Amino acid sequence: MFFDIGPLELIALVILAILVFGPEKLPKVIQDTARFIRKVREFSDSARDDIRRELGPEFKDFDFEDLNPKNFARKHLLENEDLGLKEIRNGFDLRQELAEVTDAVNGREIAPGGSAASGTGTAAPSAGGSGVDLHKPGQAPRTDPPPYDADAT
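The structure displayed is predicted, hence computed values, not measured ones. (Residues numbered from 1 in each chain as written. Predicted model: local features only at pLDDT ≥ 70, side-chain atom pairs only at ≥ 80, totals over all residues. Heavy atoms only, no water.)

Quick look at a nonpolar patch on the surface now. A contiguous nonpolar patch, built from Leu-8, Ile-11, Ile-15 and Leu-19 and spanning about 470 Å² of accessible area, is present on the exposed surface. Topologically, Ile-11 is positioned in helix α1 (residues 7–55). (Patch = residues over 30% accessible without salt bridge, like charges linked within 9 Å, V, L, I, M, F, W, Y side chains within 5 Å. Areas by Shrake-Rupley, 256 points an atom, 1.4 Å probe, with all protein chains shown as cover. Salt bridge = Lys/Arg side-chain N within 4 Å of Asp/Glu carboxyl O. Helix = DSSP H or I, 4+ residues; strand = E, 2+ residues; numbered from the N terminus.)

We now examine the pattern of salt bridges. Per the counting criterion, the structure on display carries 4 salt bridges. In this structure, Lys-28 engages Asp-32 in a salt bridge whose closest nitrogen and oxygen atoms are separated by 3.3 Å. In this pair, Lys-28 and Asp-32 are both assigned in helix α1, 4 residues apart and thus about one turn of the helix distant. By relative accessible area, Asp-32 is classed as partly exposed at 32%. Residues Asp-50 and Arg-53 are paired through a salt bridge, measuring 2.4 Å at the closest nitrogen-oxygen approach. Residue Asp-50 and its partner Arg-53 are located together in helix α1, separated by 3 residues, close to a single helical turn. With a relative accessible area of 58%, Arg-53 lands in the exposed category. Overlapping salt bridges bring together Lys-28, Asp-32 and Arg-35 as one network. (Buried < 20%, exposed > 50% of the residue type's maximum accessible area, 1.4 Å probe, protein only.)

Let us now look at helix α4 (residues 94–106). The terminal C-alpha atoms of α4 lie 18 Å apart, and with 13 residues this matches the ideal 18 Å at 1.5 Å per residue to within 8%. Positive backbone phi, approximately 85°, marks Gly-107, located one or two places after α4. (Expected span 1.5 Å × (residues − 1).)

Within the secondary structure, Asp-63 sits in the loop between α1 and α2 (69–78). For Asp-63, a relative accessible area of 34% translates into the label partly exposed. The spatial distance from the C-alpha of Asp-63 to the C-alpha of Arg-52 is 9.5 Å, given a sequence separation of 11 residues.

Let us now look at the confidence of the model for the protein. Per-residue pLDDT for the protein has a mean of 76; in total, 71% of the residues score no lower than 70. Taking the mean pLDDT of every element in the protein, the minimum, 48, falls on strand β2 (residues 116–117) and the maximum, 91, on α1. Confidence drops under a pLDDT of 50 for residues 116–129, and excluding neighbours within four residues, the segment shows 22 contacts in the predicted structure. (pLDDT = per-residue confidence, 0-100. Contact = heavy atoms within 4.5 Å.)

Turning our attention to α1. Across its 49 residues, α1 extends only 44 Å between first and last C-alpha, which sits more than 12% below the 72 Å expected from 1.5 Å per residue. Listed as buried for α1 are Ala-17, Gly-22 and Leu-26. In the stretch just after α1, Gly-56 is the one whose phi turns positive, near 105°.

If you want it as structure tokens, here you go:
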């Protein structure tokens, strides 16, 4: 509904107000509350107009919502085309990066096309660098998964 209050909570608040203030005083309390909210709104509008008038004509289109850090960051960092952040964000493929890291950890070679070629479990040395053998000397690579240990998780 409004202010994240559902219909059942609103009914509960009305019943609670009737019980606390009574049916005779409830209309007066509602009028006083509405008058207070109206005065606060008028005060904030006049303060905002005073600030805009004092800042001058160059801040005519200044919006006070821009002072919120979330809106400030969105406006100045994410929507600013001069920084090129959209191109950087769109050019970064997290899945491909994670696949390359996974293949390197599992010992598979990265083929020139970007896909991993199945290896024997050890990374073969490439022309640009050296591979790393993760197995103990004299031990054959395991093909079956390790036994499940319920206590270890």
